[in-house]
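Report on the structure
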Amino acid sequence: MNRIKAVIKSVESSDSISLVELETAAGKMSAVVVETPDTADYLKTGREVYILFKETEVSIGKDFSGRISLRNRFDCTVLTVERGKILSRIVMDCKGERIVSIITTRSVESLELKEGDRVTALVKTNEVSLLEMDGNV
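Residues numbered from 1 in each chain as written. Predicted model: local features only at pLDDT ≥ 70, side-chain atom pairs only at ≥ 80, totals over all residues. Heavy atoms only, no water.

Focus: the pairing of strand β8 (residues 97-104)
Here strand β7 (residues 87-94) pairs with β8 via eight bridges, running antiparallel. Bridge assignment links M92 to a residue of β8, and that residue is I99. Where β7 folds back on β8, the antiparallel hairpin that results is connected by two residues, among which K95 adopts a positive phi of roughly 50°. (Pairing = 2+ DSSP bridges. Helix = DSSP H or I, 4+ residues; strand = E, 2+ residues; numbered from the N terminus.)

Re the pattern of salt bridges
Taken as a whole and judged by the stated rule, the model has six salt bridges. Among the salt bridges present, the one from R71 reaches E21, with a minimum N-O distance of 2.9 Å. Of this pair, R71 sits in the loop between β5 (58-62) and β6 (72-83) while E21 sits in strand β2 (residues 17-24), and the two are 50 residues apart along the sequence. Here the salt bridges share partners, and the residues they tie into one network are K62, K114 and D117. (Salt bridge = Lys/Arg side-chain N within 4 Å of Asp/Glu carboxyl O.)

As for a nonpolar patch on the surface
A grouping of I17, V32 and V34 is seen on the molecular surface, where their side chains present a nonpolar patch of about 260 Å² in accessible area. Structurally, I17 can be placed in strand β2. Judged by relative accessible area, I17 falls into the partly exposed class, the value being 43%. (Patch = residues over 30% accessible without salt bridge, like charges linked within 9 Å, V, L, I, M, F, W, Y side chains within 5 Å. Areas by Shrake-Rupley, 256 points an atom, 1.4 Å probe, with all protein chains shown as cover. Buried < 20%, exposed > 50% of the residue type's maximum accessible area, 1.4 Å probe, protein only.)

Observations regarding the packing of aromatic side chains
Across all of its chains, the model carries zero aromatic pairs by this definition. Here the basic side chain of R3 rests over the ring of Y50, its NZ or CZ set 4.5 Å away from the ring centre. (Phe/Tyr/Trp six-rings, centres within 6.5 Å; stacked < 30°, edge-to-face > 60°. Lys NZ or Arg CZ within 6 Å of the ring centre and 35° of its normal.)

Comments concerning the sheet that holds strand β1 (residues 2-14)
The five strands are arranged β3-β2-β1-β4-β10 in an open sheet whose pairing can be described as antiparallel. Of all the strands in the sheet, just β3 (27-33) and β10 (129-132) have a single pairing partner and so form its edges. When strand polarity is set aside, the average angle formed by the axes of neighbouring strands in this sheet is 45°. As paired strands, β2 and β3 are joined by seven bridges and run antiparallel to one another. Pairing of V20 across the sheet is with A31, part of β3. (Axes fitted to C-alpha atoms, helices over the stretch in contact; angles between N-to-C directions.)

Overview of the sheet that holds β5
Strand order across the open sheet formed by five strands is β5-β9-β6-β7-β8, with antiparallel pairing between neighbours. Where the open sheet ends on each side, the last strands, each with one partner, are β5 and β8. The sheet shows a mean angle of 45° between the axes of neighbouring strands, direction not considered.

Quick notes on the confidence of the model for the chain
Low pLDDT marks regions whose predicted coordinates should not be analysed in detail. Across the chain, the average pLDDT comes to 94, with 98% of residues at 70 or higher. No element of the chain has a lower mean pLDDT than β10, at 94, and none a higher one than β7, at 98. (pLDDT = per-residue confidence, 0-100.)

Overview of the side chain of E55
Positionally, E55 belongs in the loop between β4 (48-53) and β5. An unpaired buried charge is present at E55: no salt bridge exists, and R89, the closest side chain of opposite charge, is 5.5 Å distant. The residues contacting E55, other than those within four sequence positions of it, are M1, N2, V100, S101 and I102. (Lys, Arg positive; Asp, Glu negative; His and termini not counted. Contact = heavy atoms within 4.5 Å.)

Below you can see the structure in the form of structure tokens.
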């Protein structure tokens, strides 16, 4: 599980859903949560939270350009590529934050991924969870 420290910059709610904009060392991120500031005390501007997302939810683009609907994008450097027969684990550095992706080995081969490559890590907004900081994490 990827975990990044963040600060809530804004919260826009409708019914029981909120779009939360966050600032991290790696850059801006967005999350959709099924809570609002009325139902969750931690959803306040300026509050620190952890952003969580699975390694399997991180896509990788190489030589990426163009428009795409994924809002969470990070320019990263590949630190390691651990190839398996079916799946591979890619560890990346993004401005001091470590982001891990698990993609198919065929995708690794297609992208010709190797240590030192500059890539774009992509995470769908609805795949991001928020965890309130309470000092016990």
